[in-house]
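Results of the structural survey
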Amino acid sequence: MSQNASSKVLGPEQRELSIEALKKTTEPGQELDILIVGGGVVGAGAALDAVTRGLKVGIVEQRDWASGTSSRSSKLIHGGLRYLEMLDFALVTEALQERGLLIQRIAPHLVRPVPFLYPLSKRFVERPYVGAGILLYDTLGMTSGNARGVPMHKHLTRRGTLKAAPSLKDDAMVGSIRYYDAQVDDARLVVNIIRTAAGYGAHAVNRMKVVEFLREGERVVGARLENMEDGSTFDVAAKQVVNATGVWTDETQALVTDRGQLKVRASKGIHLVVPRDRFQSTVGLILRTEKSVLFVIPWGRHWIIGTTDTDWKLDKAHPAASSKDIDYVLEHVNKVLKRPLTREDVEGVYAGLRPLLAGENDSTAKLSREHVVAHPVPGLVVVAGGKLTTYRVMAKDAVDEAVRGLDDRVAPSCTEGIPLLGAEGYKAAWNRRHRSADEAGIHVARVEHLLNRYGSETQELLDLIRERPELAEPLPGADDYLGAEVVFATTHEGARHVHDVLTRRTRISIESWDRGVSAVPVVARLMGEVLGWSPVQEESEVKHYLARVEAERLSQEQPDDESADAARIGVDDIIPLR
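Worth saying up front: this structure is predicted, and the values here are computed from it rather than measured.

What to know about unusual backbone geometry
Cis geometry is adopted by the peptide bond preceding Thr307, which originates at Gly306 and carries an omega value of 25 degrees. By the element assignment, Thr307 lies in the loop between strand 14 (302-306) and strand 15 (310-311). The backbone of Lys75 shows a phi angle near 65 degrees, a positive value even though the residue is not glycine. Examined against the element boundaries, Lys75 turns out to sit in the loop between strand 2 (57-61) and strand 3 (76-77). Lys75 sits in the buried class, given a relative accessible area of 0%. Phi at Arg207 is positive, roughly 55 degrees, even though this residue is not glycine.

Structural notes on the environment of Ser70
Looking at the element boundaries, Ser70 is found in the loop between strand 2 and strand 3. Here Ser70 falls in the buried class, since its relative accessible area comes to 12%. Measuring from C-alpha to C-alpha, the distance between Ser70 and Leu189 comes to 9.1 Å, with 119 residues separating the pair along the chain. Setting aside anything within four residues of it in sequence, one finds Ser70 in contact with Gly40, Val41, Asp186, Ala187 and Val190. A distance of 2.9 Å separates the side chain of Ser70 from the backbone nitrogen of Val41, its partner in a polar contact.

Topic: the packing of aromatic side chains
For the coordinates displayed, the defined rule picks out six aromatic pairs. Ring plane angle 85 degrees and centroid distance 6.1 Å describe the contact between Tyr137 and Tyr179, whose orientation is recorded as edge-to-face. Pair noted here: Tyr137 is in helix 4 (residues 126-142) and Tyr179 is in strand 6 (residues 175-183), with a separation of 42 residues, a long-range link. For the pair Tyr137 and Tyr179, a shared accessibility class is recorded, and that class is buried. Relative to Trp430, the ring of Tyr426 lies with its centre 6.5 Å away and its plane at 50 degrees, an arrangement referred to as tilted. Placement of the pair is Tyr426 and Trp430 together in helix 10 (residues 426-431), with a separation of four residues, close to one helical turn. Looking at Tyr426, the relative accessible area reads 10%, which means it is buried. Over the ring of Phe234 we find Lys23, and its NZ or CZ is 5.4 Å from the ring centre. Its end group placed over the ring of Trp303, Arg276 keeps NZ or CZ at 4.5 Å from the ring centre.

Quick word on the domain arrangement of the protein
Per the domain assignment, the segments of the protein are domain 1 (12-69 + 188-263 + 367-417), domain 2 (114-181 + 265-355) and domain 3 (426-570). Put simply, the middle of domain 1 and the middle of domain 3, counted by C-alpha atoms, are 28 Å apart. Taken together, the contact pairs 12 residues of domain 1 with 15 residues of domain 3. A buried area of about 1,200 Å², summed over both sides, lies between domain 1 and domain 3, and 40% of it is on carbon and sulfur atoms.

Conventions used here
Residues numbered from 1 in each chain as written. Predicted model: local features only at pLDDT ≥ 70, side-chain atom pairs only at ≥ 80, totals over all residues. Heavy atoms only, no water. Helix = DSSP H or I, 4+ residues; strand = E, 2+ residues; numbered from the N terminus. Buried < 20%, exposed > 50% of the residue type's maximum accessible area, 1.4 Å probe, protein only. Contact = heavy atoms within 4.5 Å. Polar contact = N/O pair within 3.5 Å; in protein donor to acceptor, adjacent residues only side chain to side chain. Phe/Tyr/Trp six-rings, centres within 6.5 Å; stacked < 30°, edge-to-face > 60°. Lys NZ or Arg CZ within 6 Å of the ring centre and 35° of its normal. Domains from an automatic or database assignment. Buried area = accessible area lost by both parts, 1.4 Å probe.

Listed below in structure tokens is the structure:
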């Protein structure tokens, strides 16, 4: 990988260099080939796709990388077993092909297989029907052109099911089928894609808002940006602009035109995080509900349980989970558990919005998960819909459309063969993990944790610990995470604020009982050392995070969406002291 080492760093200095590079695009002959708006998984994927075709690329994100939908998913890389019932074989096959690529080649350090049980409740009839569907699912995975990366399914008796998941009610099923999909830390995936794109030369800047698009007649020729960190504005010139803003697609598109609009509806999905010891199981579960499916997903020392699927027309930046949402998830999972889960078992709650292509149907559960690429006016490409698993295909399709508007002959997409940062050398690093632990003077379990988050880049964190041994200390109230990870997030991964680290670079906000409150002062101090914060700025960051946690807790006690939203939006996004 012929990448510039310094450009892989998304720290404060690199951000300033990228801003200066974007400002120069208005000079003659300096314009970007493509400006991408939106720093979720599709925008990040488009930046990597475009820059590895040899194009001059910029990508901007109004808040933090992956701060919207792309950090609040079910964390699954899957083919969509239920889409087989809709006979959508093309979507399932495409998704399974991408699953294989991610596990085997693109991000083996981030994406890993996870087993699920599909419980069977009816004797004789259900097993052949469901079994045939899962056999087809496995077969489509094998014929997709990639090594599967996951084991084949297996039929289990009721006894075998209870052995795999002892906490299930004896009468909850007559048997089950165990099959495999994969999971990922979605926010880490996005940051790795962005950093990989930066390594190939893309100018990537978060906390940078598009306030208007620049026009020459009908044609879009760039954008006016506002730096959310200091309030300054400047123009960026680009031959093509790609709008990859997910649930904000309608609003971003409206800055240009109301013609030929793609319409995107937001569907809210909430997830609960509970400790792994609350019930015994070596596998995840997929449960049918009257509206959708409910996943119980192994997640380190936790379970993630979700999701819901309801229309959302309120604040898109901070969708809120209501008490009704939480009760719905608990009620459905408790139907199969011997010991019911209660509110007291819930460590964390998060809510995300799916960007669904709007149709006439009133049910968001039946709207399309497929994606669409449009070119509503010259110079502007819009990509919307889709799912996390197929982000690379969406990105490729969006760049293909943008390239049609360029004069030069441009190479085809090559991202299916490009590993993300941390992927190359990951298996070798894993094999020497005991030696790495001895050399760094930390427990091998710590090294394994780092390898599963940073891959072969783990050595950089271990070097940091050797230079500053105090960074080997776990964060207060969040024993899984080390001080070194906070520093690395700030110097290498573009974290600008405390909540960037606690909610996305790590998952402390949903994995610790106090939702990160104990860790906040330490995180603020470590970030402040890198970003040059004054004591007043540090205190401001701490206060903002504490207020955010309180607002989220309050929203989760409210009976409905409207009151939950009102409680949550009481705390704005942090505005830096200027």
